[in-house]
Number of protein chains: 2
Amino acid sequence: MNLLKKCIKLPKISNKGSVIVLSAPSGTGKTTVCKYLLKNMPNLAFSVSYTTRAKRPGEINGIDYFFVDTKTFLKMIKQKKFVEWACVYNNYYGTPKKELEKIINSGEDVLLDIDVQGGKNIRKFFPQGIYIFLLPPSWSALKKRLINRGKDSISQINIRLKNAEKELHYIKYYDYLVVNDNLNQTFKIIESIIVAEKHKRSRFT
Amino acid sequence: MNLLKKCIKLPKISNKGSVIVLSAPSGTGKTTVCKYLLKNMPNLAFSVSYTTRAKRPGEINGIDYFFVDTKTFLKMIKQKKFVEWACVYNNYYGTPKKELEKIINSGEDVLLDIDVQGGKNIRKFFPQGIYIFLLPPSWSALKKRLINRGKDSISQINIRLKNAEKELHYIKYYDYLVVNDNLNQTFKIIESIIVAEKHKRSRFT
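Residues numbered from 1 in each chain as written. Chains lettered and ligands numbered in written order. Predicted model: local features only at pLDDT ≥ 70, side-chain atom pairs only at ≥ 80, totals over all residues.

**Some details on the pairing of strand β1 (residues 19-23) of chain B**
Residue and element names in this part refer to chain B.
Here's step 1: For β1, the buried fraction is high: five of the five residues fall into the buried class.
Here's step 2: The side-chain alternation of β1 yields two buried faces, one formed by Val19, Val21 and Ser23 and the other by Ile20 and Leu22.
Here's step 3: Bridge count between β1 and strand β7 (residues 109-113): four bridges; the pairing is parallel. Paired with valine 21 across the bridge in β7 is leucine 112. (Buried ≥ 20, exposed ≤ 12 C-beta atoms within 10 Å, placed from the backbone. Helix = DSSP H or I, 4+ residues; strand = E, 2+ residues; numbered from the N terminus. Pairing = 2+ DSSP bridges.)

What follows is the structure, encoded as structure tokens:
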């Protein structure tokens, strides 16, 4: 008796990148986590957003953000150049659609550091994206962080706390929750989430 | 101005364990992967199945399987003691419900090494379980493995290949696909899947 010659085609993992959305109430450490991920994950690119907010010391145009004036930003909205845009604390923020598609088609993952409203909107464009909501270890830890970073006055901190409470209502639009207690641990969890998502059956061809 | 005193309750990660189901066409290396996972994941327990098949050299009753006769097995089916049971190559295999619940309630994860029919059935009892389908790197690699392990005759290998083809139709009942090319890599991927699943929003309370 001979061995069967028939050959079966097996499912193959996709070589397309993923859109990874990371959102969090302010003070949760989102910016630090994003920087750490970008530094330590070789396949991860950052999508540079557009903003109308003032450049902070050390920030570079085209690296941290594309800094544009409100008139230019509103024109780009009309031209539907953003997958999401939002007005936060009187400043506009927007994510350019073309750039995202270019990155994921090249096989790289792209990290989006955006507010909760943006996360909700972007899901319509990228339903297969990876939506992660970062949580502070506790409410009192969040308060402490906002005080300790020394960026804001008490009244500004109170506004951020009120906003954080509202932002928590958007948790339902996210697939994963990660408590940001320890940067290294947070990194490992997010790394695991990305690896796991690549192995979802729905991503195989 | 004073800091707001209101304290918000944040979502907490569940301390309940997960049911992890690992299935694969024979020759994919499932048993080796399971042994490796059990050895290297501290929070992972193994659910000992019942079987009517003959004990192989080196196997221990209560460790590898509970070896029972067909009469006893059929009685246990009637008593609904299994979350799944199946007859494969003329032998019965069954997973006891009580033991699974005991393990996950204690906070440990439990690994189930079961055939594709079992995987489909167990989902009804544990919809929040983690369902992983292991794939060989290619069809020719599967053939080679079946030949090289030297357990079966050519006619038995042909039966296994025909079954493997049928088993692939069950992929749709699994959430994750892992190509078992390298044991260490397979381990890392499965570890990541488990970590990611723990951080799914639906598992938070």
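Now that the structure has been shown, the text picks up again.
**Overview of the interface of chain A and chain B**
Here's step 1: Contact residues are listed per partner, giving 36 residues for chain A and 36 residues for chain B.
Here's step 2: Taken together, the elements giving at least two residues each to the side of chain A that touches chain B come down to α5 (139-148), α6 (154-167), β9 (176-179) and α7 (183-198) of chain A.
Here's step 3: Ranked by the residues each element gives to the side of chain A that touches chain B, the list is headed by α6(A), at six residues.
Here's step 4: Across the side of chain A that touches chain B, the residue classes break down as 25 nonpolar, six polar and five charged. (Contact = placed C-beta atoms within 7 Å. Nonpolar A, V, L, I, M, F, W, Y, C, P; charged D, E, K, R; others polar.)

**A look at helix α4 (residues 116-125) of chain B**
Residues and elements named next belong to chain B.
Here's step 1: Among the residues of α4, those classed as buried are Val116, Gly118, Gly119 and Ile122. Buried residues of α4 fall within an arc of 145° about the axis and therefore sit on the same side.
Here's step 2: For α4, the elements touching its buried residues are β1, β5 (82-88), β6 (91-96), β7, β8 (130-135) and α6 (154-167). (Arc of directions from axis to C-beta.)

**Topic: the relation of the copies chain A and chain B**
Here's step 1: Note on the identical chains: chain A maps onto chain B by a rotation of 180° and an axial translation of 0.0 Å, with an RMSD of 0.0 Å. When the rotation and shift are considered jointly, the pair of chain copies conforms to a two-fold rotation axis. Across chain A, the rotation axis passes nearest the C-alpha of A:Ser192, at a separation of 2.1 Å.
Here's step 2: An overlap of 100% is found between the interface residues of chain A and their copies at the interface of chain B, pointing to a shared contact surface. (Least-squares fit on C-alpha atoms with pLDDT ≥ 70 in both.)

**Description of the nonpolar core**
Here's step 1: Core analysis: the biggest nonpolar cluster contains 80 residues, and A:Ile20, A:Val21, A:Ile132, B:Ile20, B:Val21 and B:Ile132 have the highest contact counts within it.
Here's step 2: Other than its neighbours up to four places away in sequence, B:Ile132 contacts B:Ile20, B:Val21, B:Leu22, B:Tyr174, B:Tyr176, B:Val178, B:Ile190 and B:Ile193. (Core = buried A, V, L, I, M, F, W, Y, C linked by C-beta atoms within 7 Å.)

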